[in-house]
Amino acid sequence: MNALNADSEPARRIALLGWFMIVLAAIVFLGVALVLSWAVARNRYAADRTPDLTPRGRGWIIFGGALMPALVLATIFVVATSTLGMFPVHGAPSVLVVHVTGRQWWWQIDYLGPNMQPRLTTANELHIPVGKPVRVLLTSADVIHSFWVPKLQGKLDLIPGDTNDLRLRAERVGAYRGQCAEYCGLQHAHMAFTVVADDSATYDRWWTAQLAPGAAPSDSETALGREMFLRGPCASCHTVRGTSARGTLAPDLTHFGSRGALAAGALPNSLGALEGWIGNAPAIKPGTQMPKITDYDGRELRALAAYVYSLK
Amino acid sequence: LLATLACGACTRRVEPSVVPGGDVERGAVALSAYSCGACHQISGITGAVGRVGPPLNGIAERTIIAGELPNTPGNMERWIIDPQSVEPGTAMPNLHVSPAMARDMAAYLYTLRD
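What you see is a predicted model, and the numbers here were worked out from it, not measured in a lab. Each chain has its residues counted from 1, running along the sequence as written. Numbering of ligands from 1 and lettering of chains from A proceed in the order in which they are written. Totals for whole chains, interfaces and linings use every residue, but because this is a predicted model, local features are given only for residues with pLDDT of at least 70 and side-chain atom pairs only at 80 or more, for both listing and counting. Side-chain numbers here rest on the full set of heavy atoms in the structure, without hydrogens or water.

## With respect to the overall build of chain B
Step number 1: Each helix and strand in chain B was counted, giving 5 helices and 2 strands.
Step number 2: Beginning at the N terminus, the succession of helices and strands in chain B can be written as α-α-β-β-α-α-α.
Step number 3: Classification of residues uses two cut-offs on accessible area relative to the type maximum, computed with a 1.4 Å probe and protein chains only: under 20% is buried, over 50% is exposed, and between them is partly exposed. Taking all 114 residues of chain B together, the buried fraction comes to 39%.
Step number 4: For chain B, long-range pairs separated by at least 24 residues make up 47% of all intrachain contacts whose partners lie at least 6 apart in sequence. Working definition: helices are DSSP H or I runs of at least four residues, strands are E runs of at least two. Numbering for both runs from the N terminus. Between two residues, a contact is recorded if the distance between any of their heavy atoms is within 4.5 Å.

Here you go:
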C-alpha cells in the first residue's frame with residue numbers, strides 16, 4: 001500500500017511529485033518560521049517603533065504575501081499538470097481490457113473479449129500479466145467509488161453513469177493491495193481488492209483454470225453443501241458456473257477458493273472465516289447486502305462452507 | 001511512536017498461563033490466524049466480532065463448554081481440535097488445529113474472565 005515505494009512508472013512519478021511538494025513546503029515553512037522569529041526578536045514595543053509604511057516596508061507584504069505564494073503555487077501547478085500529462089491515456093496500446101464495477105462494497109471484475117463483451121467474471125482479485133499494459137474500464141453500480149492501487153497507479157473514480165479509463169502495468173510479479181479511495185458508505189474501509197501480477201505462464205494457467213466451471217463436490221460433505229447452496233437463498237444472488245446458481249447481485253463464486261481474501265478483504269480466505277461469514281455476514285460487515293441466514297443447522301452450515309471453499 | 005511501542009511492551013500480560021505448556025501470546029496469534037473471530041466475539045483479538053457461535057468473553061469463568069463438556073484445559077483443547085468428535089451436529093468446523101496450537105489458544109481463552 002506504500003505509494004512512496006512504487007512498482008510502476010506512473011506511481012513513481014506521483015511519488016516524485018509528492019516528495020517535491022513535501023520539500024517545497026518544508027522550505028516555505030522554514031522561511032516563514034525564520035522571518036517570524038526575527039519579528040518576535042525585534043520586539044518593536046520595547047524600541048517604541050511604529051509600523052514601517054515606507055515602500056520598503058510594503059515591499060515585504062507584496063513579496064511575501066502575494067508574489068512568493070503565487071510563484072510557489074504556479075510551480076506546483078506546472079509540475080503537477082506535467083506529471084498528469086505523463087500518464088498513458090485513451091488509445092494507448094494494451095494487451096487486455098478489464099471492466100471493473102464498484103459496488104457497495106466489493107469489486108466486480110469482468111475480463112472483456114475482443115467484442116468488448118464479458119468473457120470471464122470474478123470479484124475482488126484482479127490478475128494481470130506482469131510487464132504488460134492493461135486497460136481498466138471503471139464504472140459504478142451505485143455510488144462514487146475510487147480505484148486505488150498505490151504502488152501501481154494514481155486513484156481514479158468510478159462514477160455512476162460514466163466510464164473512466166485507467167492503465168495498469170506492474171513491473172514486478174507480486175500481489176498489490178488496492179483500496180476504495182472515495183468514501184462510499186458504511187463499509188468503505190472494507191472495500192479492498194488485490195491486483196496480482198503474474199508471469200505469463202502463471203497468468204495463462206490462471207486464465208485457463210478460471211474459464212472452467214465450478215468444481216464438482218468431491219465428498220459427501222461438499223455434495224450436501226452444494227445441495228444447500230442451490231436449494232437455499234445463496235443461488236439467488238451468486239453464480240457458480242456449471243450449476244443452476246446464476247445470481248448476479250453478488251460476487252461470482254465459481255472459483256472462490258482460489259482467492260486470497262473474502263468479502264472484499266474483510267477477512268482472509270479460510271474455511272473458518274468463510275463459515276463465520278456465511279453464518280452471519282452483517283456481524284462482520286454491518287450494512288452488507290449479504291443477509292443473516294438462519295435456514296441452516298450446524299451440519300448444513302459446515303457443509304455449505306466446505307463446498308464454497310472447495311471451489312478452487 | 002516510540003513511547004507507544006515501549007508502553008505496549010510494559011502492559012503485556014505477565015501472569016503465568018493456567019494451561020500447562022500453553023503460551024498466551026502465541027494463542028492470541030493463532031486465534032487471529034484461524035479467524036476464530038469470524039464466528040466468536042473474543043476480547044483482545046482484532047476483528048473478533050462474529051455472531052455465529054457464543055461469545056468467548058468470560059469463558060474462563062464458565063463450567064461447561066460445547067453444552068456438555070466440563071470446562072477443563074484438556075476438554076477445551078479436544079473441542080478446538082475436533083469439534084465433531086464431541087458433538088457431530090455442531091456448526092464448529094474442524095480447522096486442523098495442531099495440539100500445540102490448541103493448547104496456546106486455550107491458554108489465551110483462559111485469560112478471558114468476566
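## Some details on the packing of aromatic side chains
Residue and element names in this part refer to chain A.
Step number 1: Any Phe, Tyr or Trp ring, taking Trp's six-membered ring, that has another such ring centre within 6.5 Å forms a pair; planes under 30 degrees apart are called stacked, those over 60 apart edge-to-face, and the others tilted. Scanning the entire structure with this criterion turns up 8 aromatic pairs over all chains.
Step number 2: When the ring of W107 is compared with that of F193, the centres are 4.7 Å apart and the planes differ by 55°; the resulting orientation is tilted. Pair noted here: W107 is in strand β2 (residues 106–112) and F193 is in strand β10 (residues 192–198), with a separation of 86 residues, a long-range link. F193 shares its class with W107; the two are buried.
Step number 3: With 5.9 Å between their ring centres and 65° between their planes, F229 and Y307 make a pair best called edge-to-face. Taken together, the residues span a long stretch of sequence, with F229 in helix α4 (residues 220–231) and Y307 in helix α8 (residues 298–309) at a distance of 78 residues.

## Observations concerning the pairing of strand β3 (residues 118–123) of chain A
Step number 1: A pair of strands is labelled paired if DSSP reports no fewer than 2 bridges between them. Where β2(A) lies against β3(A), 5 bridges are found, and the strand directions are antiparallel. When the sheet's bridge partners are listed, A:I109 is paired in β3(A) with A:T122.

## Some details on α8(A)
All names here are of chain A.
Step number 1: Compared with an ideal rise of 1.5 Å per residue, which puts 12 residues at 16 Å, α8 spans 17 Å between its outermost C-alpha atoms and is within 8% of the ideal.
Step number 2: For α8, the tally of buried residues reaches 10 of 12 residues, placing the bulk of the element in the interior.
Step number 3: Taken together, the buried positions of α8 are G298, E300, L301, R302, A303, L304, A305, A306, Y307 and V308.
Step number 4: In protein, a polar contact requires one atom able to donate a hydrogen and another able to accept it; more generally it is a pair of N or O atoms within 3.5 Å, and residues adjacent in sequence count only if both atoms are side-chain atoms. Two or three places before R299, at the opening of α8, D297 has a side-chain oxygen 3.1 Å from that residue's backbone nitrogen. Between the first and last residue of a helix there are one fewer steps than residues, each counted as 1.5 Å, and that sum is the expected span.

## Quick look at the sheet that holds β3(A)
Residue and element names in this part refer to chain A.
Step number 1: If you walk across this open sheet you meet the 5 strands as β3-β2-β1-β5-β8, and the pairing is mixed. The two strands at the open ends of the sheet, each matched to only one other strand, are β3 and β8 (164–168). Strand-to-strand twist of the sheet, defined as the mean angle between neighbouring strand axes without regard to direction, takes the value 25°.
Step number 2: As defined by bridge partners, strand β5 (residues 134–140) adjoins β8 across 5 bridges and the pair is classed as antiparallel. Residue pairing for β8: R135 is matched across the bridge by R167.
Step number 3: A fitted line through C-alpha atoms serves as each axis, taken over the contacting stretch for helices, and the angle formed by two N-to-C directions is quoted from 0 to 180°. Where helix α3 (residues 200–211) meets the sheet, it contacts β1 (96–103), β2 and β3, and its direction lies at approximately 95° from that of β3.

## Points about the interface of chain B and chain A
Step number 1: Every contact between the two is made by 17 residues of chain B and, on the other side, 16 residues of chain A.
Step number 2: Accessible surface is computed with a 1.4 Å probe, and the buried area is the amount of it that two parts give up when combined, taken over both parts together. Between chain B and chain A, roughly 1200 Å² of surface is buried when both sides are summed, and carbon and sulfur atoms account for 61% of that area.
Step number 3: Under this grouping Gly is polar, as are all residues other than the nonpolar Ala, Val, Leu, Ile, Met, Phe, Trp, Tyr, Cys and Pro and the charged Asp, Glu, Lys and Arg. Of the residues contributing to the side of chain B that touches chain A, the split by class is 10 nonpolar, 6 polar and 1 charged.

## What about helix α6 (residues 271–279) of chain A?
Step number 1: In terms of burial, α6(A) is largely enclosed, as 8 of its 9 residues are buried.
Step number 2: Within the span of α6(A), buried status applies to A:G272, A:A273, A:L274, A:E275, A:G276, A:W277, A:I278 and A:G279.

## What about the confidence of the model for chain B?
Close inspection of predicted coordinates is inappropriate in any region flagged by low pLDDT.
Residue and element names in this part refer to chain B.
Step number 1: pLDDT is defined as a per-residue confidence score from the predictor, taking values between 0 and 100. The pLDDT averaged across chain B works out to 88; a share of 85% of its residues lies at or above 70.
Step number 2: Confidence drops under pLDDT 50 across residues 8–14; counting only partners more than four residues distant or on other chains, this segment forms 4 contacts.
Step number 3: The complex prediction reports pTM at 0.87, with the ipTM value standing at 0.84.

## Side note on the packing of helix α1 (residues 9–42) of chain A against helix α2 (residues 55–85) of chain A
Residue and element names in this part refer to chain A.
Step number 1: For the pair α1 and α2, the least separation of the axes is 10 Å and the interaxial angle reads 170°. Comparing the axis directions of α1 and α2 gives the class roughly antiparallel. Contacts between α1 and α2 involve R13, I14, L17, F20, M21, L24, V28, V35 and W38 on the former and, on the latter, W60, V72, T75, I76, V79, A80 and T83. Comment on the angle field: the value is read as roughly parallel under 35 degrees, roughly antiparallel over 145, roughly perpendicular from 65 to 115, and oblique elsewhere.

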